[in-house]
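# Residue-level structural notes
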Amino acid sequence: MRGVWPHRATTSSSGDEDRRDWLAQFHPTAGSDEELLDYIRGIGQTSYHPVGSCRMGVDDASVVDPWLRVRGLEALRVADASIFPTMPSANTNAPAMMVGERAARFMLEAAQAR
């Protein structure tokens, strides 16, 4: 929403038709901030590369530890983009491949340690 407010303010105070057209793409009849916020909530979408549903980390809220092991379960690891704590700025393909390679290395090391 922070990205919309500056444009909304300039739209209402200036006569710039381009800015009004820009705001109209979000909600052509928004008369209040609440209406615009409701509209944005209604059309909001996730990206095409969802990440973070099994966030990796060291805190108790993390589903997966830094070795990709699911907390509270034995012999289960997650090795895909769902472990990313945040979305990378680029495509998720290369980071996901790196996670898979690291998972393979972790599992080999664990097997060799037995």
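Residues numbered from 1 in each chain as written. Predicted model: local features only at pLDDT ≥ 70, side-chain atom pairs only at ≥ 80, totals over all residues. Heavy atoms only, no water.

### Observations concerning the overall build of the chain
When helices and strands are counted, the chain shows 4 helices and 0 strands. From first element to last, N terminus to C terminus, the chain shows the α and β order α-α-α-α. Summarising the internal contacts of the chain: among those between residues at least 6 apart in sequence, 38% fall at separations of at least 24. For the chain, the computed accessible surface area is about 8,300 Å², with 55% contributed by carbon and sulfur atoms. (Helix = DSSP H or I, 4+ residues; strand = E, 2+ residues; numbered from the N terminus. Contact = heavy atoms within 4.5 Å. Areas by Shrake-Rupley, 256 points an atom, 1.4 Å probe, with all protein chains shown as cover.)

### Some thoughts on the pattern of salt bridges
Within the structure shown, the criterion is met by 2 salt bridges. Arg55 is the salt-bridge partner of Asp59, the closest N and O atoms lying 2.9 Å from each other. Asp65 is paired through a salt bridge with Arg69; the nearest N and O atoms lie 2.8 Å apart. For Arg69, a relative accessible area of 39% puts it in the partly exposed group. (Salt bridge = Lys/Arg side-chain N within 4 Å of Asp/Glu carboxyl O. Buried < 20%, exposed > 50% of the residue type's maximum accessible area, 1.4 Å probe, protein only.)

### Side note on the nonpolar core
Within the largest apolar cluster, 10 residues are counted, these being Val64, Leu68, Val70, Val78, Ala81, Ile83, Phe84, Val99, Ala103 and Phe106. Aside from chain neighbours lying at most four places away, what touches Val70 is Val63, Leu76, Arg77 and Val78. (Core = buried A, V, L, I, M, F, W, Y, C linked by side-chain atoms within 4.5 Å.)

### Digging into unusual backbone geometry
Here Leu68, not a glycine, exhibits a phi torsion of approximately 70°, which is positive. By the element assignment, Leu68 lies in the loop between helix 3 (33-43) and helix 4 (93-113). Its identity is not glycine, yet Ala75 carries a phi of approximately 60°, on the positive side. Counting through the fold element by element, Ala75 comes out in the loop between helix 3 and helix 4. Ala75 sits in the exposed class, given a relative accessible area of 87%.

### Brief notes about the side chain of Ser82
By the secondary structure assignment, Ser82 is in the loop between helix 3 and helix 4. Its relative accessible area of 11% is what places Ser82 among the buried residues. Filtering out sequence-adjacent residues up to four positions away, Ser82 remains in contact with Val51, Gly52, Ser53, Cys54 and Arg55.

### What about the environment of Val51?
Following the sequence through the fold, Val51 ends up in the loop between helix 3 and helix 4. Put simply, Val51 and Pro88 are 37 residues apart on the chain and 8.9 Å apart in space, counted from C-alpha to C-alpha. Residues within four places of Val51 in sequence aside, it is in contact with Ala81, Ser82, Phe84, Thr86, Met87 and Thr92.

### Overview of the confidence of the model for the chain
Residues shown with low pLDDT carry predicted positions that ought not to be read at fine detail. When pLDDT is averaged across the chain, the result is 80; 70% of the residues are at 70 or more. Within the chain, the element-level pLDDT minimum falls on helix 1 (residues 4-13), averaging 52, and the maximum on helix 4, averaging 95. (pLDDT = per-residue confidence, 0-100.)

### Points about helix 4
A rise of 1.5 Å per residue sets the reference length of helix 4, with its 21 residues, at 30 Å; its end C-alpha atoms lie 30 Å apart and thus fit the reference within 8%. Listing the buried residues of helix 4 in full gives Val99, Ala103 and Phe106. Projected down its long axis, helix 4 shows its buried positions confined to an angular sector of 65°, all on one face. Of the exposed residues in helix 4, those oriented more than 90 degrees away from the buried face are Ala94, Glu101, Leu108 and Gln112. (Expected span 1.5 Å × (residues − 1). Arc of directions from axis to C-beta.)

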